[in-house]
Amino acid sequence: MSTYLDYNASAPIDLRVLDCMVDVYKNSIGNADSRTHGFGEKARSVVEDARKQVATLLGISSDEIFFTSGATESNNIAIRGLVDYGKKTGKMHIITTAIEHKAVLETVKHLSEDGFEVDFVKPGLNGRVNANDILDKVREDTLLVSVMHVNNETGIIQPVKEIGEVLEQKEVLFHVDATQSCGKLVDELRSIKYNMLSFSAHKLMGPQGIGVLVLRKKRYKLPPVKNIMYGGQQEHGIRPGTIPVALVAGCGMACEIANKEYKDNATKASDIKKAILQELNESGIEYSVNGDPEFCVDTTINVSFKGVSSEALMISTKQFCGVSNGSACTSKNYSPSYVLVAMGIDTDTIESSLRISWGAGTDKDEAVEGIKEFLAVAKQFNS
Ligand code: PMP
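Rules used throughout
Residues numbered from 1 in each chain as written. Predicted model: local features only at pLDDT ≥ 70, side-chain atom pairs only at ≥ 80, totals over all residues. Heavy atoms only, no water. UniProt positions renumbered as here; feature names shortened; annotations may be inferred. Phe/Tyr/Trp six-rings, centres within 6.5 Å; stacked < 30°, edge-to-face > 60°. Buried < 20%, exposed > 50% of the residue type's maximum accessible area, 1.4 Å probe, protein only. Helix = DSSP H or I, 4+ residues; strand = E, 2+ residues; numbered from the N terminus. Lys NZ or Arg CZ within 6 Å of the ring centre and 35° of its normal. 1 Å grid on protein atoms, 1.4 Å probe; cavity = no way out; pocket = protein on both sides within 12 Å on 5 of 7 lines; lining within 4 Å. Points joined across faces, edges and corners; volume = space filled by probe spheres on them. Nonpolar A, V, L, I, M, F, W, Y, C, P; charged D, E, K, R; others polar. Domains from an automatic or database assignment. Pairing = 2+ DSSP bridges. Right-handed = clockwise from strand over helix to strand, strands pointing away. Contact = heavy atoms within 4.5 Å. Buried area = accessible area lost by both parts, 1.4 Å probe. Salt bridge = Lys/Arg side-chain N within 4 Å of Asp/Glu carboxyl O. Polar contact = N/O pair within 3.5 Å; in protein donor to acceptor, adjacent residues only side chain to side chain. Expected span 1.5 Å × (residues − 1). Near = heavy atom within 4 Å. Axes fitted to C-alpha atoms, helices over the stretch in contact; angles between N-to-C directions.

- If you look the chain up in an unreviewed UniProt entry, it shows as Cysteine desulfurase from Eubacterium limosum.
- Entered under Cofactor (unreviewed entry) in the UniProt record, the comment concerning the chain runs "pyridoxal 5'-phosphate".
- What the UniProt record of the chain gives under Sequence similarities (unreviewed entry) is the line "Belongs to the class-V pyridoxal-phosphate-dependent aminotransferase family. NifS/IscS subfamily."

Structural data, given as C-alpha cells:
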C-alpha cells in the first residue's frame, strides 16, 4: 500500500467531517437564502453555526468570515477586490513576495498590467523573507502588502507577525494567505494583525471546494474590498452564488476539530518529522534540506537527494508513497520550482528536490514504512 505524504497539496477528509456533511445533505436541504420556508431557515442555521466554528478557530468575530470556493478565490477577492479603491485613492502600489502561491502571484501580475506597481520581495537561502525588506518598500501610495504565513513547498514560516505589527500603525492593508497554517499554527495565527486572510478547508482535512476569506473590521468597518463576481447578495455581496451548505458545514466541522485537537496534532507531527529525519540520516544517502529547519513547520520537509532526479525517483517510488516536487498547481509542465529558484538554490539541487508533507491523519508507522521503502529505491539512484 502506498502512504500518502502530500498533505500540502490536499489533506484527506476527516471522516467526522464527512459524516457531518452527509447528515447535512440528507437533512438540511434547500437554499440558505430562502426566506419563505423552514427548510431555508434550517440551512441558514447550519451555515451560521459553521461560521461560528471558523470564527472560534481564528479567534475573531463571525461577521468577519466570508465563505468562498477556496483559497484561490479568497486571494483573488482580497487583491482584485481592492482595484476600485486603489484607483480612487491613488494607492496603486502592492508589495508581495516571490514565493507566494500562484493564486497571489498571477493575480498581482494581472494588476500590474492594469496600472498597479508590484514589488516582489525574495527570500534568503533560508526560505524566509526578511520583514524589513518588505517594510522598507512601504510608500505613501502603498495599497496592499500580501505575504503567505507558511510556504506550501518548503514549509517555511514567514515573518507575518512582525510585518502585521508594523503595518497596523499605517494606512496599508495586509493580506495573509494562511492556507498552509490554518488549523495548525492556531495560536500564532490568532496573534497576527491582518486585515484579510485566506484559506481552503481541504488543507485542514475539510472538503475540497470551500474556503474562507476573512475581512477584519477596523473601527467597525470592513476593508474596502468589493466583489469581483456579480450576482446575488450572498455573503453580503462579497461572494455571490448559492451557498454550498454541506461544504460550509464540513469547513466548520474541520475548524472545530482542529480547534480541539491542534495541540495533540502538533506533537504527533513533530514525532513524525523526527522519525522521517532519522530514516534519512540512517539511510546513508547524501541529502540536504531546503530552507532553514529552525523556521520550518513540523508537517513538511523539502529535501534534495544529491545527483538524483526527483522526477525519476517519484515515478519509481509511486507504489510506496505519494510525495511531490513543487506545487500541484504548477505541475502541468515540468519547470524548476520558482520558490526554490527565488531562494537562490542551484539548479541541480532543485532538480533533485522533493516535498514530503503529512498531517493529522497520518499514521507514524505507515509514514516510516513508506519512507523506508522510498529510501531503499533512492539509495539505488544515489549509488
Ligand atoms: N495558497 C497556498 C499557500 C496554497 O498552498 C494553496 C493550495 N496549494 C492555495 C493558496 C490555493 O488553494 P486552492 O487550490 O484550494 O484554491
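Next comes the rest of the write-up.
1. Some remarks on the packing of aromatic side chains
At step 1: Summed over the entire model, instances satisfying the criterion amount to 2 aromatic pairs.
At step 2: Taken together, a centroid distance of 5.7 Å and an interplanar angle of 40 degrees make the contact between Tyr-4 and Tyr-7 tilted.
At step 3: When its relative accessible area of 37% is taken as the criterion, Tyr-4 is described as partly exposed.
At step 4: Between Phe-305 and Phe-374, the ring centres sit 6.0 Å apart and the planes meet at 55 degrees, which makes this aromatic pair tilted. With a gap of 69 residues between them, Phe-305 in strand E10 (residues 300–305) and Phe-374 in helix H13 (residues 364–382) connect regions that are remote in the sequence. The pair formed by Phe-305 and Phe-374 is uniform in burial state, with each residue classed as buried.
At step 5: In this structure, Lys-102 is placed above the aromatic ring of Tyr-338, and the distance from its NZ or CZ to the ring centre is 4.5 Å.

2. What about the layout of surface pockets?
At step 1: The computed volume of the largest pocket comes to approximately 640 Å³.
At step 2: Lining the largest pocket are 27 residues; nearest its centre among them are Leu-173, Asn-195, Arg-216, Lys-217 and Lys-218.
At step 3: Among the residues forming the lining of the largest pocket, the class breakdown is 13 nonpolar, 3 polar and 11 charged.
At step 4: The computed volume of the second largest pocket comes to approximately 440 Å³.
At step 5: Counting residues per element, the ones that place at least two in the lining of the second largest pocket are helix H1 (15–27) and helix H9 (245–283).
At step 6: Among the residues making up the lining of the second largest pocket, the classes are represented as 16 nonpolar, 4 polar and 7 charged.
At step 7: Shared between two domains, the lining of the second largest pocket holds at least three residues of each, these being domain 1 (3–11 + 262–381) and domain 2 (15–256).

3. Thoughts on the pairing of strand E4 (residues 117–121)
At step 1: Relative to E4, strand E3 (residues 93–97) runs parallel, the two being bridged by 5 bridges. Across the sheet, residue Thr-97 finds its bridge partner in E4, namely Val-121.
At step 2: In this region the chain leaves E3, passes through helix H5 (residues 102–112) and returns to the parallel neighbour E4; the handedness of that crossover is right-handed.

4. A closer look at the domain arrangement of the chain
At step 1: Parsing the chain into structural domains produces domain 1 (3–11 + 262–381) and domain 2 (15–256).
At step 2: Each of domain 1 and domain 2 has a C-alpha centre, and these two points are 27 Å apart.
At step 3: Opposite the 31 residues of domain 1 that make contact, domain 2 presents 32 residues.
At step 4: A combined buried area of about 2,500 Å² lies between domain 1 and domain 2, and 58% of that area is made up of carbon and sulfur atoms.
At step 5: The largest share of the area that domain 1 buries against domain 2 comes from Tyr-262, Phe-295 and Tyr-338, three residues that together contribute 25% of it.
At step 6: In this structure, the connection of domain 1 to domain 2 is made through 0 salt bridges.
At step 7: Taken together, the connections running from domain 1 to domain 2 amount to 15 residue pairs in polar contact (both at pLDDT 80 or more).
At step 8: Among the elements of the structure, H9, E10 and helix H11 (338–343) are those that each provide at least two residues to the side of domain 1 that touches domain 2.
At step 9: At 5 residues, H11 tops the list of elements feeding residues into the side of domain 1 that touches domain 2.
At step 10: When its residues are assigned to classes, the side of domain 1 that touches domain 2 shows 15 nonpolar, 13 polar and 3 charged.

5. Side note on helix H2 (residues 38–58)
At step 1: For H2, which comprises 21 residues, the first-to-last C-alpha distance of 30 Å matches the rise-based estimate of 30 Å (1.5 Å per residue) to within 8%.
At step 2: Considered for burial, the residues of H2 that qualify are Gly-40, Ala-43, Arg-44, Val-46, Val-47, Ala-50, Arg-51, Gln-53, Val-54, Ala-55, Leu-57 and Leu-58.
At step 3: Summarising the contacts, the buried residues of H2 are in contact with H1, strand E2 (65–68), helix H8 (186–191), strand E7 (196–200), strand E8 (211–215) and H9.
At step 4: Phi turns positive one or two residues past the end of H2, at Gly-59, with a value near 70 degrees.

6. What to know about the pairing of E7
At step 1: Among the 5 residues that make up E7, 5 are buried, leaving the element largely enclosed by the rest of the structure.
At step 2: Here E7 shows no split at all, with Met-196, Ser-198 and Ser-200 on one side and Leu-197 and Phe-199 on the other all buried.
At step 3: In the sheet, strand E6 (residues 173–177) pairs with E7 via 3 bridges, with the strands oriented parallel. Bridge pairing in E7 places Val-176 opposite Leu-197.
At step 4: The parallel pair E6 and E7 is bridged by H8, and the resulting crossover is right-handed.
At step 5: With 5 bridges joining them, E7 and E8 adopt antiparallel strand pairing.

7. Quick notes on the site of the ligand
At step 1: Neighbouring the ligand are 14 residues, the closest being Thr-72, Asp-177, Ser-200, His-202 and Lys-203.
At step 2: Between the ligand and the protein, one listed contact pairs a nitrogen atom with a side-chain N or O atom of Thr-179 at 3.4 Å.
At step 3: For the ligand, an oxygen atom lies 2.8 Å from a polar atom in the side chain of Gln-180.
At step 4: Of the residues forming the shell around the ligand, the biggest block, 3 residues, is contributed by helix H3 (residues 71–80).

8. Re the sheet that holds E10
At step 1: Pairing is antiparallel in the open sheet, where 3 strands are placed in the order E9-E10-E12. Only two strands of the sheet have a single neighbouring strand rather than two, namely strand E9 (287–289) and strand E12 (353–357). Each strand axis lies, on average, 30 degrees off the axis of its neighbour in the sheet, ignoring direction.
At step 2: Where E10 and E12 come together, 5 bridges link them in antiparallel fashion. Residue pairing in the sheet places Thr-300 in a bridge with Ser-357 of E12.
At step 3: Against the sheet, H9 contacts E9, E10 and E12, and its axis sits at roughly 10 degrees relative to E10.

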